[in-house]
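# Close look at the chain arrangement
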Amino acid sequence: EGVESFVWPGPVGAKGGIYTLCWLRAAVTQAELMDFVTPLSTLVVEGPQGGQHWDCRVGKGCKITGLKGVALQKGDLLRPLPHCSISDPAAVYARAEDEAGSTFDWGDGLAHMPPRMYRMCWCRPWNDTRFLDD
C-alpha cells in the first residue's frame, strides 16, 4: 500500500555491491546520515568492486584477469581513462571474453597510450553501441 518508486538523477556512481536502503520520512528537513535508521530493502548495483589494481607495461600486450564484482558478464566493457566521466577517443576498450565478465584482453591495442596511472572504467553496453566511437 502506498508503494512508490525512486529514480536516481543520472547514472549510479556506486561501486558494484549490495547495499542496504534506509528510509527517512520526507517531512524531515536537513537530514543527516545518522537519521536514516529504518532499513527498507536492499539495492544491488551491478558492476566491479573498487580497490583493484593491475599493471601493464609500455610496448607489451595488456590482459586483465580476475576482475571482481557483482553480476559481471561476457561482453561488459573496460576502458582505461584518466577520469571515467570524460571520454577519450584514443582510449581503446576491451570486451569481457569470459562468461564471468572478469577477463579483458587489449592485445597490443594500448601500446600507443602514454605511460601513466589510468582508471579502468567499466560499462555494460546496450543495443546502441555508437557511444564506443566517441
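Everything here concerns the structure above.
Attention here is on the structure that accompanies the text.

### Let's talk about the overall build of the protein chain
A count of helices and strands for the protein chain gives zero helices and nine strands. Taken from N to C terminus, the helices and strands of the protein chain fall in the order β-β-β-β-β-β-β-β-β. In terms of C-alpha radius of gyration, the protein chain reaches 19 Å, well past the compact-globule figure of 14 Å for 134 residues. The burial tally for the protein chain puts 22% of its 134 residues in the buried class. The contacts of the protein chain with a sequence gap of at least 6 include a subset with a gap of at least 24, amounting to 59%. Accessible surface computed for the protein chain: about 9,900 Å², of which carbon and sulfur atoms make up 55%.

### Details of the state of the cysteines
Tallied over the entire structure, the rule returns two disulfides. The disulfide bridge from Cys84 ends at Cys121, spanning 2.0 Å between sulfur atoms. With the S-S dihedral at roughly -90°, the linkage between Cys84 and Cys121 falls on the left-handed side. Within this pair, whereas Cys84 is found in the loop between strand 6 (77–81) and strand 7 (94–95), its partner Cys121 is found in strand 9 (residues 119–123), the two being separated by 37 residues in sequence.

### Some remarks on the environment of Thr38
Structurally, Thr38 can be placed in strand 2 (residues 38–45). C-alpha separation for the pair Thr38 and Ala90, spaced 52 residues apart in sequence, amounts to 47 Å.

### Brief notes about the side chain of Arg79
As for its position among the elements, Arg79 is in strand 6. A polar side-chain atom of Arg79 sits 3.4 Å from a polar atom in the side chain of Ser87.

### Considering the environment of Met120
Tracing the chain through its elements places Met120 in strand 9. Residue class for Met120 comes out partly exposed when judged on its relative accessible area of 29%. Residues Met120 and Pro80, 40 residues apart in the sequence, show an inter-C-alpha distance of 4.7 Å. Excluding anything up to four places from it in sequence, Met120 contacts Ile64, Leu78, Arg79, Pro80, Cys84 and Trp106.

Rules behind the numbers
- Residues numbered from 1 in each chain as written.
- Predicted model: local features only at pLDDT ≥ 70, side-chain atom pairs only at ≥ 80, totals over all residues.
- Heavy atoms only, no water.
- Helix = DSSP H or I, 4+ residues; strand = E, 2+ residues; numbered from the N terminus.
- Rg over C-alpha atoms; globule rule 2.2 N^0.38 Å.
- Buried < 20%, exposed > 50% of the residue type's maximum accessible area, 1.4 Å probe, protein only.
- Contact = heavy atoms within 4.5 Å.
- Areas by Shrake-Rupley, 256 points an atom, 1.4 Å probe, with all protein chains shown as cover.
- Disulfide = S-S within 2.5 Å.
- Polar contact = N/O pair within 3.5 Å; in protein donor to acceptor, adjacent residues only side chain to side chain.

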